[in-house]
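# A structural walkthrough
Listed here are the chains, written in short residue letters.
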Amino acid sequence: MSTLTHAVHDSTTMLRRNLKHAIRYPSVGLGSALTPILMLLLFVYAFGDSIGAGMGGGRGTYVNYLTPGIIIMGVAAGSMSTSIAVCSDMTEGIINRFRTMDITRSSFMTGHVIGSVIQTMVCMVPVVGVALAVGFRSGATPLEWLAAAGLLTAIAFAVTWLSVALGLISKTVESASNKPLLIQFLPFLGSAFVPAGSMSPGLRWFAEYQPFTPMTETLRGLLSGSEIGDNGWISLAWCAGIAGVGYVWSRSLFNGTTKR
């Protein structure tokens, strides 16, 4: 068996392990869907009329504006479970067991990442369903829906690698659950809930240049069937950069930890 084949086989085994954990403990995954659903309902029914009126429409206008941001926030929220799972494995001794087995060391992280991406994408299905139920309407073609799914997968892949690193540096599961909160709520400081142009100058500058704003605008354009401009390439560049940093950081931390 070649090295690549061995690595793929081991990663598949680790992926199957993580998916079984997700099935046995569905509450963690459901939490990733519940948070954006509650935020969607809160903003639509508590603030939808007033914010929608300020945007030149009503609640229906605001639902269409808000939904892409809520979906992005849900994808970011899915990273929390990865950080917790990685920290749990590192502190409960399973890594010592893996070290005694003939497995590819990187398969541990790869299984967590791919499993988390799959779980996150599945959890976004009820979020989209609730959005449609409260009035969201999309003008996207099937190809644009496919592109939107690809963008969400890229975002999930990027933030999950970063969450793996956060789980590796955490000493306890409790701290691992807190560290990804910045990732989860960073869309708040972008254009997810209100246009960046309506913010104060300092906050507007931060919103325009942080990664989740072009991601949100790209998804908003795809789901509405409108132009996305340069936001698409900027979003993919951010995803590649975040994934690269997360991967290098995670690999360095994991190799250093397992050598001790």
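Residues numbered from 1 in each chain as written. Predicted model: local features only at pLDDT ≥ 70, side-chain atom pairs only at ≥ 80, totals over all residues. Heavy atoms only, no water.

### Concerning the confidence of the model for the chain
Regions with low pLDDT carry predicted coordinates that are not meant to be interpreted in detail. For the chain, the average pLDDT comes to 86, and 94% of its residues sit at 70 or higher. Model confidence for the chain, summarised as mean pLDDT per element, is weakest for helix H5 (residues 94-99) at 71 and strongest for helix H11 (residues 212-224) at 95. (pLDDT = per-residue confidence, 0-100. Helix = DSSP H or I, 4+ residues; strand = E, 2+ residues; numbered from the N terminus.)

### Observations concerning the nonpolar core
Grouped together as the largest cluster of nonpolar side chains are 57 residues, with contacts concentrated most on Leu66, Ile71, Phe108, Ile155, Phe193, Phe212 and Leu219. Of all the secondary structure elements, the ones that give two or more residues to this core are helix H2 (26-54), helix H3 (59-77), helix H4 (79-91), H5, helix H6 (107-133), helix H7 (142-169), H11 and helix H12 (231-259). When residues in this core are grouped by element, the largest group, 11 residues, is from H7. The residues touching Phe212, leaving out its near neighbours within four places in the chain, are Ile72, Ala76, Ile155, Val159, Ile183, Leu186 and Pro187. (Core = buried A, V, L, I, M, F, W, Y, C linked by side-chain atoms within 4.5 Å. Buried < 20%, exposed > 50% of the residue type's maximum accessible area, 1.4 Å probe, protein only. Contact = heavy atoms within 4.5 Å.)

### Here's the deal with a nonpolar patch on the surface
On the surface, Leu189, Leu203, Trp205, Phe206 and Tyr209 cluster together to form a nonpolar patch covering roughly 520 Å² of accessible area. You can see Phe206 is positioned in helix H10 (residues 201-209). Residue classification places Phe206 among the partly exposed positions, given a relative accessible area of 33%. (Patch = residues over 30% accessible without salt bridge, like charges linked within 9 Å, V, L, I, M, F, W, Y side chains within 5 Å. Areas by Shrake-Rupley, 256 points an atom, 1.4 Å probe, with all protein chains shown as cover. Salt bridge = Lys/Arg side-chain N within 4 Å of Asp/Glu carboxyl O.)

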